[in-house]
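So the chains spell out like this:
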Amino acid sequence: MTTQAAETPVAAPAAVRRSRLSLSVSLPVLWLGAAALATIFSAYLPMPDPFRQSLLRTLQSPSPTNLFGTDSLGRDVLARSILGLRVSLVVGLGSVLFGFALGGALGLVSGFFRGRVDFWISAAMTLILSFPPLVLAIAIMSYAGPSLGLVIFTLGLLFVPAFARITRANTLSLADREFVLAARAMGMRNGRILLQEILPNLVAPLIAYGMLMVAVAIIGEAALSFLGLSVPPPQPTLGGMVAAERANLLDAPWAVFGPSLFLFLTVLSLNVAGDQLQRRIDQREAAL
Amino acid sequence: MTAGALLSIRGLKSYLRTPRGLVRAVDGVSVDLAAGRTLGLVGESGCGKSILARSIMGLIADAVLDKAGGQILFDGRDLRGLSEKEMRRLRGREIAMIFQDPMTSLNPVMRVGDQIGQVLRLHFGSSKAEAQRRAVELLASVGIPSPERRARSFPHELSGGMRQRVMIAIALACDPKLLIADEPTTALDVTVQAQILRLLREQREKRGMALILITHNLGVVAGVADEVAVMYAGRIVEHGQTADLLRAPRMPYTAALMQSAPRLADPPHTRLQAIQGRPPMLIDPPAGCRFAPRCTRAAEICRREPAETTEASGERRWTCWRPLEVGHA
């Protein structure tokens, strides 16, 4: 009797709980995965050519050949939306990575060394933050002319202060923890302490924040492309498609709602998944 | 003083720059420690013990530390004269340190084995595999069961006592000549404290390294240390062989510290004798003996002039105008 009782697996309930993934995680991940695959392999999808115009078939309503209908030049809205989503995803990820790398490095240095370095870096960040972000983006884009690289750079630049501040705040508190002192007592160099002791402790919160920022970047790109200040045509962009077809909103709403739906679902998924990730990381940190 | 001293601290002054003024945290400390010996450094919180330890390790930022004077001779070299690069080579390899709170002294996102291996790779350039193998050996030598498995654990999977053992393994990894343990047992359960102290004593004997044990617990000192230095307000006020000093404290502060701890031999319901007041602010310390404001034996001269140090046979020293008679406590 007693031996049997002792053998009851104690960890069983935890294992059951772990295997059930909530819908608020699985649905966004599913959409983002599908979006990523569709944009990467769009050339192999059984779809009409997104660039082929057909003036005989303009503003056609959705049908088996054109699932989202056609636009004012007779092009397939679904195929163009997928290509537009590719731009959104590339810009979203690229600009966040840029902001993450530059802002993270600045925040790490400024939080770890403090003093004068910290003062100047923080001042520079405040300077960037004091510009209205979209106005700054419009200014840079209209001055230098639209291109993919420049959109990524511009939006990324706007993320630098946020990443720098979060990294700095976390670094400040981590640098005072005893394990950093212990690392120093081991004879470690500052650079090594930064990379091996502090950076790994920062990555998790930054990734969750970064995911939310990808959504912001995608909206930012859509706003710029709506104004014609993102990747230039003939490359379709979600914002550009909405801008071009908005005059036909009453006759052919699908030409506007197709790209809008893609934008909406992607941003929603990123926000929900990012929130969930953030919550999990917070829980884990609380447990440590 | 002693010719064969491994560590010889001479008139060391470490002042700290703070917004409220210069804190004289270590103010003229002299102490020697021979290889293979254990020095217990005792005193209340805020009396400069940890600052002394960090001064030896060179762990106080230059922006904060005012090296007001004195020497730290380690193995014949003055550590105060070494560059940061030379100090780095010494830290962890020849002088190692363990800290009070094992819960926060380990990197939470790095496996325990990697943290031990890290020191070996840093100082000996060991390969990853070699470092990992040594890490497992070290874990075994500090008494951690199933070391292969534990090497792959993260710190939060270990208990406080286990973590302190891991810290000790990291400190011992490079076979240091001197180990500084800053309140190594304060954050642990009493039963675990005894185990950790036994481990420290065993390892010290096995490796023949010197040990500085910082604590505010005289019981800990009695069990482990060969000699004791009592620190108060940035100075060493009494020094001697452990047994001599505990049997016959001469400085009233030492006696007061001993009386403020409970003893099993006392009759039931004995009142503990707390020391009145708190240690002085070290920005503007008292002019005379720094303990005078709290001392029950203080006289006119104690408040007016700094006490002189009396030296007796057997490395016995005390700094007091009106020392207790032998046999008092």
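**Structural notes on the pairing of strand β12 (residues 316-319) of chain B**
Residues and elements named next belong to chain B. Neither face of β12 is exposed, since R316 and W318 on one face and R317 and T319 on the opposite face are all buried. Direction of pairing for strand β10 (residues 235-241) relative to β12: antiparallel, over a ladder of two bridges. Looking across to β12, one finds that H239 is bridged to R317. Connecting strand β11 (residues 309-312) to the next strand, β12, in antiparallel fashion are three residues, including G314 with a positive phi near 70 degrees.

**A look at the pattern of salt bridges**
Residues and elements named next belong to chain A. Under the counting rule described, the total for this entry stands at 22 salt bridges over all chains. For D176, the salt bridge is made with R114, and the minimal N-O distance between the two is 3.4 Å. Taken as a pair, D176 in the loop between α7 (148-175) and α8 (178-185) and R114 in the loop between α4 (77-113) and α5 (115-129) lie far apart in primary sequence, 62 residues in all. Under the relative-accessibility criterion, D176 is labelled exposed at 60%. When its relative accessible area of 30% is taken as the criterion, R114 is described as partly exposed.

**Remarks on the interface of chain B and chain A**
Between chain B and chain A, the residue contacts involve 26 residues of the former and 17 residues of the latter. Counting each side, the surface lost to burial between chain B and chain A is near 1,900 Å², with a carbon and sulfur contribution of 63%. Ranking the residues of chain B by area buried against chain A places R88, Q118 and L122 of chain B at the top, with a combined share of 27%. At the junction of chain B and chain A, the tally comes to zero salt bridges. The interface formed by chain B and chain A includes nine residue pairs in polar contact (both at pLDDT 80 or more). Secondary-structure elements contributing two or more residues to the side of chain B that touches chain A are α1 (49-57), β6 (95-98), α3 (112-124) and α6 (160-172) of chain B. Among the elements that make up the side of chain B that touches chain A, the one with the highest residue count is α3 of chain B (five residues). Here the side of chain B that touches chain A is composed, by residue class, of 13 nonpolar, nine polar and four charged.

**Topic: the sheet that holds strand β5 (residues 77-78) of chain B**
The strands making up a sheet associate through hydrogen bonds between their backbones, and the pairing can be parallel or antiparallel. Residue and element names in this part refer to chain B. Judged by pairing direction, the sheet is antiparallel, and its four strands sit side by side in the order β2-β1-β4-β5 without closing on themselves. Lying at the two open borders of the sheet, with one neighbouring strand each, are β2 (21-34) and β5. Bridging between strand β1 (residues 5-18) and strand β4 (residues 65-74) involves eight bridges; their strand directions are antiparallel. Residue pairing across strands places Y15 opposite D66, the latter belonging to β4. Sitting on the sheet, α1 is in contact with β1, β2 and β4, with an inclination near 110 degrees to β1.

**What about the packing of α6 of chain B against helix α7 (residues 190-207) of chain B?**
Residues and elements named next belong to chain B. At a minimum axis separation of 10 Å, α6 and α7 run at an interaxial angle of 15 degrees. Here α6 is positioned roughly parallel relative to α7, judged by the angle of their axes. Of the two possible hands of crossing, α6 and α7 adopt the one that is right-handed. Between α6, through G161, Q164, R165, I168 and L172, and α7, the contact on the second element is made entirely by V192, Q195, I196, L199, L200, Q203 and R207.

**Thoughts on helix α9 (residues 190-226) of chain A**
Residues and elements named next belong to chain A. Here α9 contains 37 residues, and its C-alpha end-to-end distance of 46 Å is more than 12% below the 54 Å for a straight helix at 1.5 Å per residue. Along its length, α9 shows its largest kink, about 50 degrees, at L199, and proline P200 lies within four residues downstream of that point. Trailing α9 by a residue or two, G228 shows a phi angle of about 75 degrees, which is positive.

**Observations concerning the nonpolar core**
Within the largest apolar cluster, 141 residues are counted, with the highest numbers of intra-cluster contacts made by L178 and I180 of chain B. The dominant element in this core, judged by the number of residues it contributes, is α9 of chain A, at 12 residues. In this structure, this core is formed jointly by two domains, domain 1 (1-94 + 177-189 + 208-262 + 272-329) and domain 2 (104-173) of chain B, each of which donates at least three residues. When residues no more than four places from it in sequence are discounted, the contact partners of L178 of chain B are L6, L7, L33, F74, E94, I95, A96, A210, L211 and I212 of chain B. Residues V91, V151, L158 and L229 of chain A belong to the second largest nonpolar core, which totals 13 residues.

**Notes on the side chain of Q203 of chain B**
With respect to the element layout, Q203 of chain B can be found in helix α7. In contact with Q203 of chain B, not counting residues within four places along its chain, are S141, L172, G208 and M209 of chain B.

**Let's talk about the domain arrangement of chain B**
Residue and element names in this part refer to chain B. With domains assigned, chain B is organised as domain 1 (1-94 + 177-189 + 208-262 + 272-329) and domain 2 (104-173). The distance between the C-alpha centroids of domain 1 and domain 2 comes to 31 Å. Counting residues at the interface gives nine residues for domain 1, matched by eight residues for domain 2. Counting each side, the surface lost to burial between domain 1 and domain 2 is near 600 Å², with a carbon and sulfur contribution of 66%. When the buried surface of domain 1 facing domain 2 is broken down by residue, R93, L179 and L188 rank first, second and third, together holding 58% of it. Of the residues contributing to the side of domain 1 that touches domain 2, the split by class is four nonpolar, one polar and four charged.

What counts as what
Residues numbered from 1 in each chain as written. Chains lettered and ligands numbered in written order. Predicted model: local features only at pLDDT ≥ 70, side-chain atom pairs only at ≥ 80, totals over all residues. Heavy atoms only, no water. Buried < 20%, exposed > 50% of the residue type's maximum accessible area, 1.4 Å probe, protein only. Helix = DSSP H or I, 4+ residues; strand = E, 2+ residues; numbered from the N terminus. Pairing = 2+ DSSP bridges. Salt bridge = Lys/Arg side-chain N within 4 Å of Asp/Glu carboxyl O. Contact = heavy atoms within 4.5 Å. Buried area = accessible area lost by both parts, 1.4 Å probe. Polar contact = N/O pair within 3.5 Å; in protein donor to acceptor, adjacent residues only side chain to side chain. Nonpolar A, V, L, I, M, F, W, Y, C, P; charged D, E, K, R; others polar. Axes fitted to C-alpha atoms, helices over the stretch in contact; angles between N-to-C directions. Parallel < 35°, antiparallel > 145°, perpendicular 65-115°, else oblique. Left-handed = near helix turned anticlockwise from the far one by under 90°. Expected span 1.5 Å × (residues − 1). Bend = angle between axes of the 7 residues up to and from the residue. Core = buried A, V, L, I, M, F, W, Y, C linked by side-chain atoms within 4.5 Å. Domains from an automatic or database assignment.

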